[in-house]
Amino acid sequence: MSVDVSEEKARAMLAKFLFYDDDIFKKVSMLSGGERSRLRLCQLMYQDINLLILDEPTNHLDIDSREVLEQALIEFNGSILFISHDRYFINKISDEIVELRDKKFINYKGNYDYYAEKRREEQLQLEKVNFDKKKTIRDKKSKNNIVIDKEREEKKIQKKIQKKIQKKKQKIEEEIFT
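Presented here is a report on the structure given in the accompanying data block. (Residues numbered from 1 in each chain as written. Predicted model: local features only at pLDDT ≥ 70, side-chain atom pairs only at ≥ 80, totals over all residues. Heavy atoms only, no water.)

**A look at the pairing of strand 4 (residues 104-108)**
Two strands pair when backbone bridges link them, and strand 3 (residues 97-101) and strand 4 are joined in this way by 5 bridges, in the antiparallel orientation. Its bridge partner being in strand 4, Glu99 is matched across the sheet by Ile106. Connecting strand 3 to the antiparallel partner strand 4 that follows it, the hairpin turn spans 2 residues, and Asp102 within it adopts a positive phi of roughly 50°. (Pairing = 2+ DSSP bridges. Helix = DSSP H or I, 4+ residues; strand = E, 2+ residues; numbered from the N terminus.)

Below is the structure:
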């Protein structure tokens, strides 16, 4: 990358990304992973770009590097698309969360806390719907059981009546024949 800036401005740009004194003259091959990430981010921030795509940007960064990254992304004027498991980072940087669920993208306008709250609400609503469905099924089964129980009771009563009739019939026959 070729940038036409004065040494003073270059030092100021690099200082924003924690490169001071002798660090400025290190060969890139001698930089640590975190330092390379900061250097690459520094390069990107001073290019004319409007979209950053980042995959787990906070992985392997020390605390200072994370803070530099967060500040640089907050100051970035374009769009940032990133994947991260770092809830703190997501909360600090995002203003929209896109979740991939059941092969669909679902948008949540807000940070991670907003997303988590909305997901809890959705989950509670889903649980309520499932509970209501199960309750309806149980109620139908219960009504069916009541009908079956009534039929059984009616059959028992009919049997008792038949027995009484049979006993009376038998008693009458005995009286007639005796």
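**Here's the deal with a nonpolar patch on the surface**
A surface patch of nonpolar side chains, amounting to about 320 Å² of accessible area, comprises Leu51, Ile53 and Leu81. Within the element layout of this structure, Leu81 appears in strand 2 (residues 79-83). (Patch = residues over 30% accessible without salt bridge, like charges linked within 9 Å, V, L, I, M, F, W, Y side chains within 5 Å. Areas by Shrake-Rupley, 256 points an atom, 1.4 Å probe, with all protein chains shown as cover. Salt bridge = Lys/Arg side-chain N within 4 Å of Asp/Glu carboxyl O.)

**Concerning the environment of Gly110**
Mapped onto the fold, Gly110 is located in the loop between strand 4 and helix 5 (112-177). According to the relative accessible area criterion, Gly110 is buried, its value standing at 14%. Look past the residues within four positions of Gly110 in its chain and what remains in contact with it is Ser94, Asp95, Glu96 and Ile97. (Buried < 20%, exposed > 50% of the residue type's maximum accessible area, 1.4 Å probe, protein only. Contact = heavy atoms within 4.5 Å.)

**Quick word on the environment of Gln170**
By secondary structure assignment, the location of Gln170 is in helix 5. Here Gln170 falls in the partly exposed class, since its relative accessible area comes to 46%. Placed 145 residues apart in sequence, Gln170 and Phe25 show a C-alpha to C-alpha distance of 121 Å.

**Re the pattern of salt bridges**
Counting across every chain of the model gives 13 salt bridges. Between Lys109 and Glu96 there is a salt bridge whose closest N-O contact spans 3.3 Å. Note that Lys109 is positioned in the loop between strand 4 and helix 5 and Glu96 in the loop between helix 4 (87-93) and strand 3, a separation of 13 residues in sequence. With relative accessibility at 30%, the residue Glu96 sits in the partly exposed group. In this structure, Glu99 and Arg101 form a salt bridge, with 2.9 Å as the shortest nitrogen-oxygen distance. Classification of Glu99 by relative accessible area gives buried; the value is 15%.

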